[in-house]
Amino acid sequence: MDAIAVLIPCYNEGTTISKVVTDFKKALPEGSVIYVYDNNSTDDTVQKATEAGAVVRYEYRQGKGHVIRRMFREIDAKAYIMVDGDDTYPAEYAPQMVAEVLEKNADMVVGDRLSSTYFQENKRRFHNFGNSLVRKTINFLFKSNIKDIMTGYRAFSYQFVKSFPILSGGFEIETEMSIHAIDKNMQISNVVIDYRDRPAGSESKLNTYSDGLRVMRTIWRLFNFYKPMLFFTTLSVVLFLIAAAFFVPVFIEYLKTGLVERFPTLIVCGFAVIAAIQSFFSGMILSSLRQKNLQDFELELIQIQNKLNGGSDQ
């Protein structure tokens with residue numbers, strides 16, 4: 001088991017990967033291991049990473065989520081640093097982030113760009129807007145206080161890495177990590193970091209619009225999954241209000257004339273009320289299942305911790 005593992009997912013980062021590997025080797029104590037996972041690069045990323053002293057491995061399914069899934073399965077360490085290979089995140093913050101894990105028992109440490117230089121360095125205004133929107137949406141829906149949801153610079157505990165079920169295949173993985181940590185009541189720390197834009201010759205792999213829509217779909221999906229009672233109760237209330245809005249005129253007409261002339265509207269209102277009731281009870285059932293999932297997760301954490309303690313003793 002490594003003391004500290006630095007995990008760098010890479011796709012065509014030949015321009016910057018040598019500097020990233022070298023910077024992190026200097027910033028972290030001897031004994032830390034730098035892993036570069038290549039994701040079908042067509043440039044000299046692998047050669048540059050190898051020459052800089054990184055351990056190079058491969059993930060052939062395209063997408064950052066697939067790469068991180070592979071990393072988390074294969075690497076055992078007491079503390080992990082995850083960072084992009086584009087040289088936008090300074091390595092000098094890594095010791096502080098690792099200390100949050102090893103000394104203060106943080107499960108996830110967020111490298112917070114948004115509280116420092118991100119909005120000045122990032123020239124893509126829709127990225128700025130998107131980062132702010134995602135942060136506000138998640139903190140509102142999940143009652144949290146994570147300062148930077150989309151950052152690619154994080155530190156993790158062994159427990160987090162080995163208990164995180166990765167479902168996303170692309171850049172929405174950071175959003176999934178954040179929501180998982182919030183939902184499972186894990187200890188989260190925010191460390192303010194400087195951010196610098198990509199150097200000349202290095203191109204972003206993000207598509208502002210398509211990746212932004214994928215992130216918003218992920219939030220919606222995970223809100224349904226992690227907050228079923230709130231999600232389905234809200235849906236139930238909306239359906240009930242729609243039914244009431246159409247039923248009231250029919251009922252007033254009936255009081256005045258003693259006749260119901262709009263039977264189709266009345267029937268639709270009845271189905272809407274039935275759907276509202278079904279939605280409410282679906283939320284109750286799924287909420288009970290989620291509570292059982294949380295209990296099982298706590299037991300899983302105990303097993304992971306015992307494994308970590310056993311590995312540390314060897």
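Keep in mind that what you see is a predicted model, and the values were worked out from it rather than measured.

Parameters and conventions
- Residues numbered from 1 in each chain as written.
- Predicted model: local features only at pLDDT ≥ 70, side-chain atom pairs only at ≥ 80, totals over all residues.
- Heavy atoms only, no water.
- Helix = DSSP H or I, 4+ residues; strand = E, 2+ residues; numbered from the N terminus.
- Buried < 20%, exposed > 50% of the residue type's maximum accessible area, 1.4 Å probe, protein only.
- Contact = heavy atoms within 4.5 Å.
- Areas by Shrake-Rupley, 256 points an atom, 1.4 Å probe, with all protein chains shown as cover.
- Axes fitted to C-alpha atoms, helices over the stretch in contact; angles between N-to-C directions.
- Parallel < 35°, antiparallel > 145°, perpendicular 65-115°, else oblique.
- Left-handed = near helix turned anticlockwise from the far one by under 90°.
- Salt bridge = Lys/Arg side-chain N within 4 Å of Asp/Glu carboxyl O.
- Core = buried A, V, L, I, M, F, W, Y, C linked by side-chain atoms within 4.5 Å.
- Phe/Tyr/Trp six-rings, centres within 6.5 Å; stacked < 30°, edge-to-face > 60°.
- Lys NZ or Arg CZ within 6 Å of the ring centre and 35° of its normal.
- Arc of directions from axis to C-beta.
- Lys, Arg positive; Asp, Glu negative; His and termini not counted.
- Polar contact = N/O pair within 3.5 Å; in protein donor to acceptor, adjacent residues only side chain to side chain.

**As for the overall build of the protein chain**
Alright, step 1. Secondary structure assignment for the protein chain yields 11 helices and 7 strands.
Alright, step 2. Within the span of the protein chain, comprising 314 residues, buried residues form 47% of the whole.
Alright, step 3. For the protein chain, long-range pairs separated by at least 24 residues make up 76% of all intrachain contacts whose partners lie at least 6 apart in sequence.
Alright, step 4. Of the accessible surface of the protein chain, which amounts to about 15900 Å², a share of 59% is contributed by carbon and sulfur atoms.

**Some thoughts on the packing of helix 1 (residues 17-27) against helix 2 (residues 45-52)**
When two helices pack together, their arrangement is given by the angle between the helix axes and by the axis-to-axis distance.
Alright, step 1. Relative orientation of the contacting elements helix 1 and helix 2 amounts to 25°, with a least axis distance of 8 Å. Here helix 2 runs roughly parallel to helix 1, going by the angle between their axes. Helix 2 is crossed by helix 1, and the crossing has right-handed handedness. Residues I17, S18, V21, T22 and K25 of helix 1 touch helix 2, and the partners they reach there are T45, K48, A49 and A52.

**Section: unusual backbone geometry**
When glycine is set aside, most residues are seen to have a negative phi, and most peptide bonds are trans.
Alright, step 1. Here N12, not a glycine, exhibits a phi torsion of approximately 55°, which is positive.
Alright, step 2. Positive phi is not limited to glycine here, since N105 has a value of about 60°.
Alright, step 3. Tracing the sequence through the fold places N105 in the loop between helix 4 (94-102) and strand 5 (108-112).

**Notes on the environment of I304**
Alright, step 1. Relative to the elements of secondary structure, I304 occurs in helix 11 (residues 263-313).
Alright, step 2. Taking the C-alpha atoms as reference, I304 lies 8.1 Å from Y158; in sequence the two are 146 residues apart.
Alright, step 3. If near-sequence neighbours (up to four positions away) are discounted, I304 is found in contact with Y158, Q159, K162 and S163.

**As for the pattern of salt bridges**
When the charged atoms of two side chains lie near each other, side chains of opposite charge can form a pair.
Alright, step 1. This structure, assessed with the given rule, holds 16 salt bridges.
Alright, step 2. Note that D44 is salt-bridged to K48, the shortest N-O span being 3.2 Å.
Alright, step 3. The exposure class of D44 is partly exposed, given its relative accessible area of 30%.
Alright, step 4. K48 sits in the partly exposed class, given a relative accessible area of 27%.

**What to know about the nonpolar core**
Alright, step 1. If you look at the biggest cluster of nonpolar residues, it comprises 44 residues, and the most contacted ones within it are F72, Y80, F156, F160 and M177.
Alright, step 2. Look past the residues within four positions of F156 in its chain and what remains in contact with it is F72, A79, Y80, M82, V101, D107, M108, V161 and M177.
Alright, step 3. Listed in part, the 34 residues of the second largest apolar core include I8, I34, Y89 and A91.

**Points about the packing of aromatic side chains**
Alright, step 1. According to the stated counting rule, one finds 14 aromatic pairs in the structure shown.
Alright, step 2. Between F247 and F251 the ring centres are 5.7 Å apart and the planes differ by 20°, which places this aromatic pair in the stacked class. Of this pair, F247 and F251 are both found in helix 10 (residues 228-257), 4 residues apart, which corresponds to roughly one turn of the helix.
Alright, step 3. In this structure F247 comes out as partly exposed when scored by relative accessible area, which is 34%.
Alright, step 4. When its relative accessible area of 39% is taken as the criterion, F251 is described as partly exposed.
Alright, step 5. Members of the aromatic cluster, each reached through a chain of ring pairs, are F72, Y80, F156, F160 and F164.
Alright, step 6. Just above the ring of F140 sits the side chain of K143; from NZ or CZ to the centre is 5.3 Å.
Alright, step 7. Sitting over the face of the ring of F297, K184 holds its NZ or CZ atom 5.4 Å from the ring centroid.

**Comments concerning helix 4**
Alright, step 1. Along helix 4, the residues classified as buried are A94, M97, V98, E100 and V101. One face of helix 4 carries all of its buried residues, which in axial projection span an arc of 150°.
Alright, step 2. Residues of helix 4 that are buried in the fold lie against strand 1 (2-10), helix 1, strand 4 (77-82), strand 5, strand 6 (154-157) and strand 7 (188-192).

**So, the side chain of D2**
Alright, step 1. Tracing the sequence through the fold places D2 in strand 1.
Alright, step 2. With no salt bridge to any partner, buried D2 finds its closest opposite charge in R57, at an N-O distance of 7.1 Å.
Alright, step 3. One polar contact links D2 to Y35, side chain to side chain, over a distance of 2.6 Å.
Alright, step 4. The contacts of D2, once residues within four sequence positions are left out, are V33, Y35, I75, D76, A77 and K78.

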